[in-house]
Amino acid sequence: LQVDRWMAFTVKEFWDAPVDAPPFHADLDTHARRVRELVTGAVEKRLVSDVPVGALLSGGIDSAVVVGLMREHLEGLQTFTVGFEAGPSTEKLNADLVLARVTARHFRTTHHEVVVDRRTDLLDLLRRAVWHLDEPNANPTVVSTLVVAALAREHGVKVILSGDGGDELFAGYPRYLYDRYVQLAGRVPPAVRGAVLAILGAVPDVGSLGQLRRLLAKTASLEHLDAAGRYLAWRGQFSLAEQEALLSPELLAALPGYDPRRSVAWYMDRHSPPSFQERLSYTDLKLWIADESSMRLDRATMAVSLEARVPFLDHALVEYAMRIPFRVKMKGTHTKYLLRRAFAHLLPDQITAGRKRGFGSPVRWWTQTYLQDQIDQILAQDAVRRAGLLNWEGVASLRRGEGWVRSPVKLWAALVLQLWSEAFLSSTPDTGWPVPVRQVALRRHGPS
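Rules used in this analysis
- Residues numbered from 1 in each chain as written.
- Predicted model: local features only at pLDDT ≥ 70, side-chain atom pairs only at ≥ 80, totals over all residues.
- Heavy atoms only, no water.
- Helix = DSSP H or I, 4+ residues; strand = E, 2+ residues; numbered from the N terminus.
- Buried < 20%, exposed > 50% of the residue type's maximum accessible area, 1.4 Å probe, protein only.
- Contact = heavy atoms within 4.5 Å.
- Polar contact = N/O pair within 3.5 Å; in protein donor to acceptor, adjacent residues only side chain to side chain.
- 1 Å grid on protein atoms, 1.4 Å probe; cavity = no way out; pocket = protein on both sides within 12 Å on 5 of 7 lines; lining within 4 Å.
- Points joined across faces, edges and corners; volume = space filled by probe spheres on them.
- Nonpolar A, V, L, I, M, F, W, Y, C, P; charged D, E, K, R; others polar.
- Axes fitted to C-alpha atoms, helices over the stretch in contact; angles between N-to-C directions.
- Parallel < 35°, antiparallel > 145°, perpendicular 65-115°, else oblique.
- Left-handed = near helix turned anticlockwise from the far one by under 90°.
- Salt bridge = Lys/Arg side-chain N within 4 Å of Asp/Glu carboxyl O.
- Expected span 1.5 Å × (residues − 1).
- Pairing = 2+ DSSP bridges.
- Phe/Tyr/Trp six-rings, centres within 6.5 Å; stacked < 30°, edge-to-face > 60°.
- Lys NZ or Arg CZ within 6 Å of the ring centre and 35° of its normal.
- Right-handed = clockwise from strand over helix to strand, strands pointing away.
- Core = buried A, V, L, I, M, F, W, Y, C linked by side-chain atoms within 4.5 Å.

Some remarks on unusual backbone geometry
Residue Asp 134 is not a glycine yet carries a positive backbone phi of 70 degrees. You can see Asp 134 is positioned in the loop between helix 5 (122-133) and helix 6 (141-154). Here Asp 134 falls in the partly exposed class, since its relative accessible area comes to 45%. Phi at Ala 171 takes a positive value of approximately 60 degrees, unusual for a residue other than glycine. As for its position among the elements, Ala 171 is in the loop between helix 7 (166-169) and helix 8 (174-185).

What follows is the structure, given as structure tokens:
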């Protein structure tokens, strides 16, 4: 950027969620009525279009609410979802696909599905995702989003509505619930917790006793962390030690003193809402939604010339939702309690009673089957050292250990970083870059 040397720039925030404003104290029905009004208005505003409008439909409540409200205004609404072939895990991973069909039938939409299976060129999809995102994003759901976006565009839709944002606003993530459990467990004296852990060490890691052991272990790992460290303990994939082992010495030298906790701390410590879970959701809104989720959705859809709109991120809705006490949004073990209450009249019972769902990806299956041979080539010693971002010894060590097996997303992250470096940093890029946008040849199912 070239500017006159006398010009001055000031960067400032033009809007923020009002988490420091006094909370709205009202009874549950009053909150539910106001949320219903705001969500309905947000959807209606995003239906204004002179081109065909459709909806992304997962098996969760957020997209079902959006589809239900759209259906009140649109005839012949088209909805789109994605499923997977993933060996023994196929049925479990496609629970969302089944529930999306329930929602589609309930609202009588023209429903379309696409399945990522063994005939899919998964590496080509991943290269396209890396290219269009323009930055190394290790969230494997970008592949699902790219696939389902291409499906919608193929059926003539040019604007798509999504349920993104509902989890952050209405306490939908299970980790918000787990964090509350950790807080409660933290009130038990450490000596007592340690004794219980020692006893539970002889118990099989299944059922409620196994859950209790994991809760106590998580409490012990979090109690000495500051707010930013606690946030990253829920969100992060790699510890700082793992990052230092995985990244090349040259890259680490170029980032002297870099600590991701500083960026997180800026938001975690910026406000003082009544509960720690509200700090988590605010930071999710400012970091996860702004820099990851919305960016990923926007670039994956625009890659196929599709415009995504997100009603749950309407500013008026955000401003109200962030002032609702957390205990109203989540009741007991029920996440999104308020949102479920607000739209119980609209949704099928299977959706209202269901857990959080969204467009996931069977990354474990992909890395251990479809992509296994290609990963060996992409993360080969010569390729890794030539790219210069990853440390070959760190990659080899982690692949030999159990880390990749327990958390295949770590392997996926290394793969994405290596592909990104090939695409954008290499002086002799592979002939596959840049990857043109083209239709994805996948197995499709007709309207349900």
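The discussion continues.
Some points on the environment of Thr 79
Within the secondary structure, Thr 79 sits in strand 2 (residues 78-84). With 22 residues separating them in the primary sequence, Thr 79 and Leu 57 have C-alpha atoms 6.0 Å apart. Ignoring sequence-local partners within four residues, the contact set of Thr 79 consists of Ala 55, Leu 57, Val 67, Ala 104, Thr 109, Thr 110, His 111 and His 112. There is a polar contact of 2.8 Å between the side chain of Thr 79 and the side chain of His 111.

Points about empty space enclosed by the protein
The final tally for this structure, using the stated rule, is one cavity of 30 Å³ or more. By volume, the largest cavity is sized at about 40 Å³. Looking at the largest cavity, the residues that line it are Leu 126, Ala 129, Val 130, Leu 133, Glu 135, Asn 137, Asn 139, Val 142, Trp 412 and Val 416. Residues that form the lining of the largest cavity fall into these classes: seven nonpolar, two polar and one charged.

Topic: the packing of helix 6 against helix 15 (residues 276-302)
Interhelical geometry of helix 6 versus helix 15 gives an angle of 40 degrees and a closest axis separation of 8 Å. Relative to helix 15, helix 6 is oriented oblique. Viewed along their axes, helix 6 and helix 15 form a crossing whose handedness is right-handed. Here Thr 141, Val 142, Thr 145, Leu 146 and Ala 149 of helix 6 come into contact with helix 15, specifically with Arg 296, Leu 297, Ala 300 and Thr 301. Of the residues contributing to the contact of helix 6 with helix 15, the split by class is five nonpolar, three polar and one charged.

Description of the pattern of salt bridges
Within this structure, the stated rule accounts for 26 salt bridges. Glu 13 is the partner of Lys 286 in a salt bridge, and the nearest nitrogen-oxygen pair spans 2.9 Å. Taken together, the residues Lys 286 in helix 15 and Glu 13 in the segment before helix 1 (28-45) connect sequence positions 273 residues apart. We classify Lys 286 as buried; its relative accessible area is 13%. Among the residues examined, Glu 13 registers a relative accessible area of 40% and is labelled partly exposed. The closest approach of N and O atoms between Arg 101 and Glu 113, which form a salt bridge, is 2.5 Å.

Quick word on helix 10 (residues 207-222)
When the terminal C-alpha atoms of helix 10 are compared, their 23 Å separation across 16 residues agrees well with the 22 Å that a helix rising 1.5 Å per residue should span. By the burial criterion, the buried members of helix 10 are Gly 210, Arg 213, Leu 216, Thr 219 and Leu 222. Those residues of helix 10 hidden inside the fold are in contact with helix 8, helix 9 (190-200) and helix 11 (227-235).

Looking at the pairing of strand 3 (residues 110-116)
Burial runs high along strand 3: six of the seven residues are buried. As judged from the seven bridges shared by strand 2 and strand 3, these two strands associate in the parallel manner. Note that in strand 3 the partner of Phe 80 across the bridge is His 112.

What to know about the packing of aromatic side chains
With the rule as written, the count across this model stands at ten aromatic pairs. For the ring pair Tyr 176 and Phe 326, a centre distance of 6.1 Å and an interplane angle of 80 degrees mean the geometry is edge-to-face. Taken as a pair, Tyr 176 in helix 8 and Phe 326 in helix 17 (residues 326-329) lie far apart in primary sequence, 150 residues in all. Among the aromatic side chains, those forming a connected cluster through ring pairs are Phe 84, Trp 366 and Trp 412. The lysine or arginine in question, Arg 175, covers the ring of Tyr 173, its NZ or CZ lying 4.9 Å from the ring centre. The aromatic ring of Trp 288 is capped on one face by Arg 235, whose charged end is 3.9 Å from the ring centroid.

Description of the pairing of strand 1 (residues 53-56)
Looking down a regular strand, the side chains alternate between one sheet face and the other. Neither face of strand 1 is exposed, since Val 53 and Ala 55 on one face and Gly 54 and Leu 56 on the opposite face are all buried. Sheet topology places strand 1 next to strand 4 (residues 159-161); three bridges connect them, and they run parallel. Across the sheet, Gly 54 pairs through a bridge with Ile 160, a residue of strand 4. Pairing analysis gives three bridges linking strand 1 to strand 2, with the strands arranged parallel. Bridge pairing in strand 2 places Ala 55 opposite Thr 79. Considered for its hand, the β-α-β crossover made up of strand 1, helix 2 (residues 61-71) and strand 2 is right-handed.

Notes on helix 1
Compared with an ideal rise of 1.5 Å per residue, which puts 18 residues at 26 Å, helix 1 spans 26 Å between its outermost C-alpha atoms and is within 8% of the ideal. At its buried positions, helix 1 is contacted by helix 2, strand 4, helix 16 (315-321), helix 17 and helix 18 (337-342).

A closer look at the nonpolar core
In this structure, Val 35, Val 39, Met 70, Phe 170, Phe 343 and Leu 347 are the most contacted members of the largest nonpolar core, which totals 61 residues. If one sorts the elements of this core by residue count, helix 2 sits on top with seven residues. Beyond its immediate sequence surroundings of up to four residues, Val 35 is in contact with Phe 170, Tyr 320, Ile 324, Leu 338, Leu 339, Ala 342 and Phe 343. Formed by 54 residues, the second largest nonpolar core is a distinct cluster that contains Val 114, Ala 150, Trp 366 and Leu 389.

Overview of the environment of Val 384
Along the chain, the position of Val 384 falls in helix 22 (residues 381-387). The buried category is assigned to Val 384, whose relative accessible area is 0%. Along the sequence, Val 384 and Val 395 sit eleven residues apart, while their C-alpha atoms lie 8.7 Å from each other. Beyond its immediate stretch of four places on either side in the chain, Val 384 contacts Ile 378, Leu 379, Leu 390, Asn 391, Trp 392 and Gln 418.

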